[in-house]
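# What the coordinates show
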Amino acid sequence: MQDSAVRRNLQVLSLAAWVLVALNAVHIAVFGLLTFDEPVRDGWARQIATAHGAMAVVMALTGWLARRLHARPVLPIVGRILPLAVSAVVLAWAIVLTVMDQAVSSSVNPYVNAAVGVAIVLLLRPSTMVGLMGMAWVALAWVLGGTTDDPAVLATNRMNAASATALAILVSILFWRHYARTELLQRALAESNRQLEAQRAELEALATRDPLTGLLNRREFVRQAEHELARARRLGAPLSLIMLDLDHFKTINDRHGHAVGDEVLRQTARHMAGSTRQTDRVARFGGEEFVLLLPDTSAEQAWHLADKLREGLARVCIPTLGVPVTASLGVASVLGTESVTLEAVLHRADQAMYEAKRSGRNRTVVAADAGTGAA
Ligand SMILES: Nc1nc2c(ncn2[C@@H]2O[C@H](COP(=O)(O)OP(=O)(O)OP(=O)(O)O)[C@@H](O)[C@H]2O)c(=O)[nH]1
């Protein structure tokens, strides 16, 4: 049986078992206190009280076990067979009670109650239910043959039990079908939720990431940088930007092909992302141009990082290239107190980067108005 049905059975059993214990207690009290002058009736009342006592112990154990097993992440085999075993025990017990009752009445009520009770409380596969109830009815019909002398009473008891058996099977099948349909719907819903979530994540990645390098794209970078700039202004904290442009990238493309050019871009992106803090933002701004946003970072600290990046880039190994990759970097910083737009800071970093290109490439320049001068 599916895990969900077994778990649902264990959950229901952990409560239903205690309800049966309470019913057993009421029966023990009533039949234990009843006294009759006739020894047959007196003996019958003791037997009923004893049978309920035995069942109370079984059900208390069942309730305790079902609760423990239900909490387990992986269901052990005992958890899987418990609901079926309990159904069989309850039906066997009801047959015993029914036979005992024949001493004072001709009813099959205990069997009827147990059959309908099992059908309502537990979710069993239709084939299991048919087998179980079929065997129970055959057993009852057979033992009644030994305890009932009147053929009319025997016939009506067997037929009443057969009707209860059929009713229990019908109820059980209806419950099972409802469960199976709900389970299927829930699975379909979970699957479509999973697909929706995957599509949402994919769309978000498409909207915010550069597909080649996986870095933030320009639009998302600008959105996040605006937010960081406003935060820096509010807190009076410094903020720096590094603009990085690969040197002679066109030559790399022309000599080695676009695939190698793309690999250089990917390795550069990996190098940049791997050299920065989690709070920093790295983006591919377009072509072979990258940008880094460094919150809470002064111009001097940013220069150190930029130059470390530049030096590290030469060690990024692309075997087919033969020569090291180099880049020109521009650094611009703002103090928290400064009222400046993101566009203006980006422009300063861009100017500094072009200054690095002009003065020979493979170097880092800090924008003059950031206060540190060129390096
Ligand atoms: N492989 C590859 N090349 C790209 C991509 N985007 C832009 N490029 C190429 O990058 C090259 C940039 O060339 P330029 O702007 O002349 O710059 P450069 O050759 O690096 O020269 P300097 O910046 O002055 O050192 C162009 O050839 C573009 O085709 C890309 O996604 N993949």
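Residues numbered from 1 in each chain as written. Predicted model: local features only at pLDDT ≥ 70, side-chain atom pairs only at ≥ 80, totals over all residues. Heavy atoms only, no water.

## Description of the overall build of the protein chain
- Tallying secondary structure elements over the protein chain gives 11 helices and 5 strands in all.
- For the protein chain, the proportion of its 375 residues judged to be buried stands at 41%.
- Considering only contacts in the protein chain between residues 6 or more positions apart, those separated by 24 or more positions represent 71%.
- Accessible surface computed for the protein chain: about 19800 Å², of which carbon and sulfur atoms make up 61%. (Helix = DSSP H or I, 4+ residues; strand = E, 2+ residues; numbered from the N terminus. Buried < 20%, exposed > 50% of the residue type's maximum accessible area, 1.4 Å probe, protein only. Contact = heavy atoms within 4.5 Å. Areas by Shrake-Rupley, 256 points an atom, 1.4 Å probe, with all protein chains shown as cover.)

## So, the pattern of salt bridges
- All chains considered together, the criterion is met by 19 salt bridges.
- Where R187 meets E183, a salt bridge forms, and the shortest distance between an N and an O atom there is 3.5 Å. Residue R187 and its partner E183 are located together in helix 6 (residues 151–208), separated by 4 residues, close to a single helical turn.
- For R187, a relative accessible area of 45% gives the class partly exposed. (Salt bridge = Lys/Arg side-chain N within 4 Å of Asp/Glu carboxyl O.)

## What about the sheet that holds strand 2 (residues 281–286)?
- As summarised here, the arrangement of the 5 strands in space is 2-3-1-4-5, forming an open sheet in which the pairing is mixed. Across the chains shown, the open sheet's two edge strands, defined by having one partner strand only, are strand 2 and strand 5 (364–366). When strand polarity is set aside, the average angle formed by the axes of neighbouring strands in this sheet is 20°.
- Where strand 4 (residues 327–334) and strand 5 come together, 3 bridges link them in parallel fashion. (Pairing = 2+ DSSP bridges. Axes fitted to C-alpha atoms, helices over the stretch in contact; angles between N-to-C directions.)

## Quick word on the environment of S339
- Along the chain, S339 falls in the loop between strand 4 and helix 11 (342–358).
- Given the relative accessible area of 70%, S339 is considered exposed.
- In this structure, the C-alpha to C-alpha distance between S339 and R233, residues 106 residues apart in sequence, is 7.5 Å.

## Focus: the packing of aromatic side chains
- This model, assessed by the stated rule, comprises 4 aromatic pairs.
- Through a chain of ring-to-ring contacts, the aromatic side chains of F31, F36 and W44 assemble into a single cluster.
- Here the basic side chain of R218 rests over the ring of F285, its NZ or CZ set 4.1 Å away from the ring centre. (Phe/Tyr/Trp six-rings, centres within 6.5 Å; stacked < 30°, edge-to-face > 60°. Lys NZ or Arg CZ within 6 Å of the ring centre and 35° of its normal.)

## A look at the UniProt feature "transmembrane region" (unreviewed entry) in the protein chain
- In the numbering adopted here, UniProt assigns the feature "transmembrane region" (unreviewed entry) to residues 12–36, 48–65, 77–96, 129–147 and 159–177.
- Between the C-alpha atoms that bound residues 77–96 the distance is 28 Å, and the span itself is 100% helix and 0% strand. (UniProt positions renumbered as here; feature names shortened; annotations may be inferred.)

## Some remarks on the environment of A136
- For A136, the position within the fold is in helix 5 (residues 126–147).
- Of the residues examined, A136 reaches a relative accessible area of 7% and is grouped as buried.
- For the pair A136 and A115, spaced 21 residues apart in sequence, the C-alpha separation works out to 8.9 Å.
- A136 has contacts with L91, I95 and Y111, leaving out every residue within four places of it along the chain.

## What to know about the side chain of N24
- Relative to the helices and strands, N24 is located in helix 1 (residues 3–33).
- When neighbours within four sequence positions are excluded, N24 is seen to be in contact with H52, M55, A56, M59 and W93.

## Section: the environment of L239
- Relative to the helices and strands, L239 is located in strand 1 (residues 239–246).
- Separated by 59 residues in the primary sequence, L239 and S298 place their C-alpha atoms 6.3 Å from one another.
- The residues touching L239, leaving out its near neighbours within four places in the chain, are E228, L229, A232, L293, L294, D296, T297, A332, S333 and V334.

## Details of the layout of surface pockets
- Here the largest pocket defines a volume of roughly 580 Å³.
- Every residue lining the largest pocket is counted, 27 residues in all, and those nearest its centre are L20, V90, W93, N113 and A114.
- Breaking the lining of the largest pocket down by element, the ones donating at least two residues are helix 1, helix 2 (39–70), helix 3 (77–101) and helix 4 (109–121).
- The greatest single-element share of the lining of the largest pocket, amounting to 9 residues, is contributed by helix 1.
- Residues that form the lining of the largest pocket fall into these classes: 19 nonpolar, 7 polar and 1 charged. (1 Å grid on protein atoms, 1.4 Å probe; cavity = no way out; pocket = protein on both sides within 12 Å on 5 of 7 lines; lining within 4 Å. Points joined across faces, edges and corners; volume = space filled by probe spheres on them. Nonpolar A, V, L, I, M, F, W, Y, C, P; charged D, E, K, R; others polar.)

## With respect to the packing of helix 1 against helix 3
- Contact pair helix 1 / helix 3: the axes reach a minimum separation of 9 Å and the direction vectors enclose 35°. Here the hand of the crossing between helix 1 and helix 3 comes out left-handed. Contacts between helix 1 and helix 3 pair D3, V6, N9, L10, L13 and N24 from the former with G79, R80, L82, P83, V86 and W93 from the latter. (Left-handed = near helix turned anticlockwise from the far one by under 90°.)

## Focus on the site of the ligand
- Taken together, 16 residues sit near the ligand, with F249, K250, D262, R284 and K357 positioned nearest.
- Here D245 contributes a side-chain N or O atom positioned 3.0 Å from an oxygen atom of the ligand.
- The backbone of F249 places a nitrogen or oxygen atom 2.7 Å from an oxygen atom of the ligand.
- Alone, the ligand offers 670 Å² of accessible surface; in the complex the protein occludes 67% of this.
- For the shell around the ligand, the secondary structure elements donating two or more residues are strand 1, helix 8 (249–256) and helix 9 (258–274).
- Examining the composition of the shell around the ligand, we find that 4 residues originate from one element, helix 9, more than from any other. (Near = heavy atom within 4 Å. Polar contact = N/O pair within 3.5 Å; in protein donor to acceptor, adjacent residues only side chain to side chain.)

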